[in-house]
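Observations on the model geometry
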Amino acid sequence: MTASPAPIFSPPALAFEAVSKTYPGQPAPALRELTLTVPRGSRTGIIGRSGAGKSTLVRLVSGLDTPDAGRVRVQGQDLAALGAPERRARQARTGLVFQQFNLLAQRTALGNVTLPLELAGVPRVRREARARDLLAQVGLADLAGRYPAQLSGGQKQRVGIARALALDPDLLLADEATSALDPETSAGILALLTELQRERDLTLVVVTHQLEVVRAACTHVAVLDAGQLVESGETRPVLAAPGHPVTRALLEAHRPQVTLAPGETLRRVTLPGLDASTLGALAALGARLVQAEPHPQGVDAWLTLPASTPDLTASLARRPAGVGA
Ligand SMILES: Nc1ncnc2c1ncn2[C@@H]1O[C@H](COP(=O)(O)OP(=O)(O)OP(=O)(O)O)[C@@H](O)[C@H]1O
C-alpha cells in the first residue's frame, strides 16, 4: 500500500478563536474571548483553578453547548458551520472520558463499550468483536462480563476509555479523568492514555486542576484563568520557568512544606524507581528524598539538594538506572 503524502498544512486539532460564553443569569462570562490552539498529535493539558472555564471549554468542543461569540474549530472544521450530519460525524470522532466514568449500571463492561457502536448502527457481531478488542487494549479482557458495581474505580475508568475509543476518535478529551482516583491508579490511567495517544496518533486533551497530571502526561500545557488563556507552550519550559502568577501558584501548591538548610534547594525529578542504586547515587550527591509519588515513568520525587549540585540529571544519567528531570 502506498502511503498518502503528508498534507503541506494541517490545522491544529483544536482552535478557539476569540470564544466568549456567559451562562444565563451569570454576571461574569465563563470564557472571555478565549483564543488557544491544541497542536495535532499532542497531549495537551488544559489547567486552571476552579471556575477558570475548563468544563465550559469541554462542553463547547463536544457540542453540548455553543459559544455566544467566536469560533470553535475541531480538526479545522468550524463547528457552527456544520450541518446536522457533519456535526454528528464530528461528535462521533471526539471521544470523551469523564471524572465520574458515566457508565450505565445495568450494562456490563462489554455492554457499555458496545453502546456507541450500537447507536452508530454497527451489527452485533462486529460491535462485540470490536468492544472485546478495545477492552483487551485497556487491560480488561477478562472482565468484559462484569457490571460497573463489580469494578474498581481504575477499572471503571478503563471501561470509560475503551468506550471513548469505540468510534475511532481523532480527538480524545479527558475531563478530570483521574481526579476521583488514588495516586497509583491515576498514574496507571495516565500511562494508558499516553500509550493510546502514541499508538493511535490521536490528539489527547487532558482537562485538569492537578498540575501533576500535566507534568506526568502532557507534551503541551495551556493555563486558563477567569475564562482566558494566561500561559501556554510545551510543558517542560512552561513548568521550569512559569511566566504567569497563576501558573506559579499552581506549581507552589504542590511543593512539599520542608525547611531548607542554608545552601539547600528543593527540586523535583522523575526517577525510574527507588532502587538501592538510585538511592545510593542520591545520597552521594547529598540529596534528601522528601516526597515520592507514582509516575507513569517511575516515581516523581521531591529532593533537597545542595545548591551547588552541578546537574542532577546528568549526574544520575551516568548511572545505569538513569533519570529524567
Ligand atoms: N451551567 C452553568 N450555569 C451557570 N453558570 C455556570 C454553569 N457552568 C459553569 N458556570 C460558571 O461558569 C464559570 C466557569 O465554570 P467552569 O465549570 O467552566 O469552570 P472549571 O474551570 O471547569 O471549574 P471546576 O474546576 O470547578 O470544574 C464559573 O463561574 C461557573 O460558576
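In case you missed it, the structure is sitting above this.
Let me sum up the structure you'll find in this document. Worth saying up front: this structure is predicted, and the values here are computed from it rather than measured.

Counting buried positions along strand E3 (residues 43–48) yields six of six residues, so the element is predominantly enclosed. Burial along E3 is two-sided: Arg43, Gly45 and Ile47 and Thr44, Ile46 and Gly48, pointing in opposite directions, are all buried. Both E3 and strand E8 (residues 203–208) contribute to a ladder of five bridges, which runs parallel. Residue pairing in the sheet places Arg43 in a bridge with Leu204 of E8.

On to the nonpolar core, then. Ranked by size, the top nonpolar core spans 48 residues in total, and within it Leu135, Val159, Ile161 and Leu172 carry the most contacts. Setting aside residues up to four positions removed in sequence, Leu172 forms contacts with Gly95, Leu96, Val97, Ala164, Leu165, Leu193, Leu202, Thr203, Leu204 and Val205. Ranked by size, the runner-up nonpolar core spans 23 residues in total, among them Val58, Leu173, Val205 and Ala222.

What follows covers the pattern of salt bridges. Going through the model one piece at a time under the given rule, you end up with 15 salt bridges. Here Lys21 makes a salt bridge to Asp68, at a shortest N to O gap of 4.0 Å. Remark: Asp68 occurs in the loop between helix H1 (54–61) and strand E4 (69–74) and Lys21 occurs in strand E1 (residues 14–21); sequence separation between them is 47 residues. Of the charged contacts in the structure, one is a salt bridge between Arg107 and Glu118, with a shortest N-O distance of 3.1 Å. In this pair, Arg107 is assigned in the loop between strand E6 (94–97) and helix H3 (109–119) and Glu118 in helix H3, connecting sequence segments 11 residues apart.

About the criteria used
- Residues numbered from 1 in each chain as written.
- Predicted model: local features only at pLDDT ≥ 70, side-chain atom pairs only at ≥ 80, totals over all residues.
- Heavy atoms only, no water.
- Buried < 20%, exposed > 50% of the residue type's maximum accessible area, 1.4 Å probe, protein only.
- Helix = DSSP H or I, 4+ residues; strand = E, 2+ residues; numbered from the N terminus.
- Pairing = 2+ DSSP bridges.
- Core = buried A, V, L, I, M, F, W, Y, C linked by side-chain atoms within 4.5 Å.
- Contact = heavy atoms within 4.5 Å.
- Salt bridge = Lys/Arg side-chain N within 4 Å of Asp/Glu carboxyl O.

Everything listed is a geometric property; what it means functionally is a separate question.
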